[in-house]
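Structural description and commentary
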Amino acid sequence: MSITRQGIEDGTVLKFGEAQFTFGKDVVELNDSSALISDIPALQERMARDGYLFLRGFHPRTLVNRAAQRVLDAIAARTDLAPGTDARNGICGPGEKSYSFFRDVAVAHSKEVLDVVDGPHTFDFFKRFLGGPVLTFDKRWLRAMASGGHNHFHYDSAYVGRGTPRRYTMWSAFTDIGLENGPLAICLGSDRDEKLKNTYGRVDMDRDLIDPVLSTDPREITGHFGFKLATAHFEPGDCIIFGLHLLHSSVPNLSNRFRISIDTRYQLAREASDERFHGPNGSWLGNFHTPGATYRKVSELRGAWGV
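1. Structural notes on empty space enclosed by the protein
- Counted under the stated rule, the structure contains one cavity of 30 Å³ or more.
- Roughly 50 Å³ of internal volume is contained in the largest cavity.
- For the lining of the largest cavity, the secondary structure elements donating two or more residues are strand S15 (248–250) and strand S16 (259–268).
- Partitioned by chemical class, the residues of the lining of the largest cavity number two nonpolar, six polar and three charged.

In structure tokens, the structure reads:
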């Protein structure tokens, strides 16, 4: 496998669970827009055309390294790093336990983490990109995925879609994430699939009591839906930005190192937000909060939708 900063060669294999995809055929490399960082109209045009922006080196490396170390120190305190190894290497312990620090405010809201995702460089960018003062959620989706850890294909609208439709997710890499470390993969063209947007794209998981994973099978995404996958070798500080209706998933982590990333959301402050994800010190309700509720699977609804 040949991966360089210059690109991923055609013919390189991406292992996605039990499936395998080939670059240049089923999967392509994300289009790097970092050269346009000062050209907001060009970035807006590319977002409208491609459905995402991939920005290498968006976050200062020194800030990202501190944030990653804060997360690894938290895992080390839980004795879930490999015994006798340097915490900076992030080697998974024998239990191979993944961590979602969503409500662990001490970690997810630590100064080291917020210096990255709430830093002036981040807010200034979104202020220019969106054309006015911006806000972000109090909830930060901070994850440290151990060996085998990943999630499944979904639209963010199903989880965080109340209020303005002009809300953007920024997925940021805190560690080096090669193809074997569980990179984010997006589905090209899924943001323009009107049938999917008008059915699955209207689901609100807490209102409708639906577990909103669209698919757990990447072969269904490329076969049944006909979407091409796109991903990259992410370096610390790289990010990808996309809207509420872009299918995406993380690839399973095949390495023995924790893959650390964070999802944060940004929108114009003057537009309606999502009341579930705001509160002092992160005391939000969040998803799956309805006591005693049973959440239906999207698979139970897809037949009626014709998707």
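2. Quick notes on the sheet that holds S15
- Ordered in space as S5-S13-S11-S15, the four strands form an open sheet in which the pairing is mixed. In this open sheet, the two edge strands, each paired with only one partner strand, are strand S5 (27–29) and S15. The sheet shows a mean angle of 30° between the axes of neighbouring strands, direction not considered.
- Two elements, strand S11 (residues 184–188) and strand S13 (residues 228–231), share three bridges in a ladder whose sense is antiparallel. For Ile186, the partnering residue across the bridge sits in S13 and is Ala230.

3. Details of the layout of surface pockets
- Space inside the largest pocket adds up to approximately 380 Å³.
- In this structure, the largest pocket is lined by 20 residues; those nearest its centre are Phe102, Trp141, Arg143, Asn151 and Tyr159.
- Secondary structure elements with two or more residues in the lining of the largest pocket: strand S9 (141–145), helix H6 (157–160) and S16.
- Sorting elements by how many residues they give to the lining of the largest pocket places S9 first, with three residues.
- Tallied by class, the residues present in the lining of the largest pocket amount to seven nonpolar, six polar and seven charged.
- Considered as a void within the structure, the second largest pocket measures approximately 260 Å³ in volume.
- For the second largest pocket, the lining is made up of 15 residues, of which Tyr168, Asp191, Gly243, Leu244 and His245 are closest to its centre.
- A breakdown of the residues in the lining of the second largest pocket according to their chemical character gives seven nonpolar, three polar and five charged.

4. Examining the side chain of Asp238
- Checked against the element boundaries, Asp238 lands in the loop between S13 and strand S14 (239–242).
- Side-chain polar atoms of Asp238 contact the side chain of Arg56, separated by 2.8 Å.
- Within the structure, the side chain of Asp238 is placed 2.7 Å from the backbone nitrogen of Gly57, a separation counted as a polar contact.
- Setting aside residues up to four positions removed in sequence, Asp238 forms contacts with Phe54, Leu55, Arg56, Gly57, Trp171, Ser172, Ala173 and His233.

5. What about the packing of aromatic side chains?
- Taken as a whole and judged by the stated rule, the model has 18 aromatic pairs.
- Ring centres 4.8 Å apart and planes at 65° place the aromatic pair Trp171 and Phe234 in the edge-to-face group. Of this pair, Trp171 sits in strand S10 (residues 168–173) while Phe234 sits in the loop between S13 and S14, and the two are 63 residues apart along the sequence.
- Under the relative-accessibility criterion, Trp171 is labelled buried at 3%.
- Among the residues examined, Phe234 registers a relative accessible area of 0% and is labelled buried.
- Put simply, the rings of Phe58, Phe123, Phe125, Phe126, Phe129, Tyr168 and Tyr266 touch in pairs and so form one group of aromatic residues.
- The ring of Trp141 carries Arg265 above its face, with NZ or CZ at 4.4 Å from the centroid.

6. Looking at the nonpolar core
- Within the largest apolar cluster, 42 residues are counted, with the highest numbers of intra-cluster contacts made by Phe101, Phe125, Phe126, Leu142, Phe174, Ile241 and Phe258.
- Ranked by the residues each element gives to this core, the list is headed by helix H2 (residues 61–77), at eight residues.
- Core analysis: the second largest hydrophobic core is formed by 37 residues, Phe21, Phe102, Phe153 and Leu247 among them.

7. So, helix H5 (residues 120–130)
- Residues of H5 that are buried include every one of Thr122, Phe125, Phe126, Phe129 and Leu130, and no others. Axial view of H5: buried residues confined to an arc of 110°, hence all on one face.
- One or two steps after H5, the chain reaches Gly131, where phi turns positive at roughly 85°.

8. Observations regarding the state of the cysteines
- A complete count under the given rule lists zero disulfides for this structure.
- In this structure Cys187 is not part of a disulfide, and its nearest cysteine sulfur, from Cys239, lies 19 Å away.

Cut-offs and rules
Residues numbered from 1 in each chain as written. Predicted model: local features only at pLDDT ≥ 70, side-chain atom pairs only at ≥ 80, totals over all residues. Heavy atoms only, no water. 1 Å grid on protein atoms, 1.4 Å probe; cavity = no way out; pocket = protein on both sides within 12 Å on 5 of 7 lines; lining within 4 Å. Points joined across faces, edges and corners; volume = space filled by probe spheres on them. Helix = DSSP H or I, 4+ residues; strand = E, 2+ residues; numbered from the N terminus. Nonpolar A, V, L, I, M, F, W, Y, C, P; charged D, E, K, R; others polar. Pairing = 2+ DSSP bridges. Axes fitted to C-alpha atoms, helices over the stretch in contact; angles between N-to-C directions. Polar contact = N/O pair within 3.5 Å; in protein donor to acceptor, adjacent residues only side chain to side chain. Contact = heavy atoms within 4.5 Å. Phe/Tyr/Trp six-rings, centres within 6.5 Å; stacked < 30°, edge-to-face > 60°. Buried < 20%, exposed > 50% of the residue type's maximum accessible area, 1.4 Å probe, protein only. Lys NZ or Arg CZ within 6 Å of the ring centre and 35° of its normal. Core = buried A, V, L, I, M, F, W, Y, C linked by side-chain atoms within 4.5 Å. Arc of directions from axis to C-beta. Disulfide = S-S within 2.5 Å.

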